[in-house]
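# Residue-level structural notes
In case you want the letters, here they are:
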Amino acid sequence: RHPFDASNQGALILKIITGKYPPIPSSFSSGLRGLLDACLERNTSKRPDTAGLFRLSSVIQQASALSVPLPEPPQLSVGRPIPTSTFPGPPKRSGRPL
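Since this is a predicted model, take the numbers as computed values, not measurements.

With that settled, the discussion passes to the overall build of the protein. The helix and strand inventory of the protein stands at 5 helices and 0 strands. Along the protein, helices and strands appear, N-terminal first, in the series α-α-α-α-α. When the 98 residues of the protein are sorted by exposure, 14% land in the buried category. If you sum the accessible surface of the protein, you get close to 7,700 Å²; carbon and sulfur atoms cover 58% of it.

Here the focus is unusual backbone geometry. We note that Ser67 has phi near 60°; this positive angle belongs to a residue other than glycine. Among the structural elements, Ser67 can be located in the loop between helix 4 (57–65) and helix 5 (73–76). Ser67 sits in the exposed class, given a relative accessible area of 65%.

The grouping of Phe28, Leu32 and Leu36 at the surface amounts to a nonpolar patch, some 230 Å² of accessible area in total. Within the secondary structure layout, Phe28 lies in the loop between helix 1 (9–18) and helix 2 (30–39). Residue class for Phe28 comes out partly exposed when judged on its relative accessible area of 39%.

Turning next to the environment of Leu14. Here Leu14 is to be found in helix 1. In sequence terms Leu14 and Phe4 are 10 residues apart; their C-alpha atoms lie 9.6 Å from each other.

Sitting at the amino-terminal end of helix 1 is Asn8, which places a side-chain oxygen 3.1 Å from the backbone nitrogen of Gly10. Once helix 1 finishes, Gly19 follows within two positions and takes phi at roughly 75°, a positive value.

What follows deals with the confidence of the model for the protein. Predicted confidence across the protein gives a mean pLDDT of 76, with 70% of residues reaching 70 or more. Summarising per-element confidence for the protein, the mean pLDDT is lowest in helix 5 (56) and highest in helix 4 (91). Across residues 85–91 the pLDDT falls below 50, and counting only partners more than four positions away or on other chains, this stretch makes 18 contacts in the model.

Its place among the elements puts Leu53 in helix 3 (residues 50–54). Distance in space between the C-alpha atoms of Leu53 and Ala38 is 9.0 Å, their sequence separation being 15 residues. The contact partners of Leu53, leaving out residues within four places of it in the chain, are Leu35, Cys39, Pro48 and Val59.

The residue Leu32 is located in helix 2 in this model. Taking C-alpha positions, Leu32 is 8.4 Å from Val59, a pair spaced 27 residues apart along the chain.

What counts, and at which threshold
- Residues numbered from 1 in each chain as written.
- Predicted model: local features only at pLDDT ≥ 70, side-chain atom pairs only at ≥ 80, totals over all residues.
- Heavy atoms only, no water.
- Helix = DSSP H or I, 4+ residues; strand = E, 2+ residues; numbered from the N terminus.
- Buried < 20%, exposed > 50% of the residue type's maximum accessible area, 1.4 Å probe, protein only.
- Areas by Shrake-Rupley, 256 points an atom, 1.4 Å probe, with all protein chains shown as cover.
- Patch = residues over 30% accessible without salt bridge, like charges linked within 9 Å, V, L, I, M, F, W, Y side chains within 5 Å.
- Salt bridge = Lys/Arg side-chain N within 4 Å of Asp/Glu carboxyl O.
- Polar contact = N/O pair within 3.5 Å; in protein donor to acceptor, adjacent residues only side chain to side chain.
- pLDDT = per-residue confidence, 0-100.
- Contact = heavy atoms within 4.5 Å.

This is the structure in structure tokens:
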């Protein structure tokens, strides 16, 4: 099932822009539902980056249960460490073009 589904492209764009999608079924764990809700957050300053996702306790626990090694924080971000209790926004960019 797709988070955004519509009968035409215009309706699909409107759903994506407004961030409206059906609730994630309760058959999924609360950790997974929280992770998906965070990834679908419209506000980029509230949406986690990859490093933020790897720091979520539900991701850490699942990776551990599956014996999947996660990268260490210094490999994930540049600058200050990412707190585990918040979802950081995208990194600040310098004024230089990419």
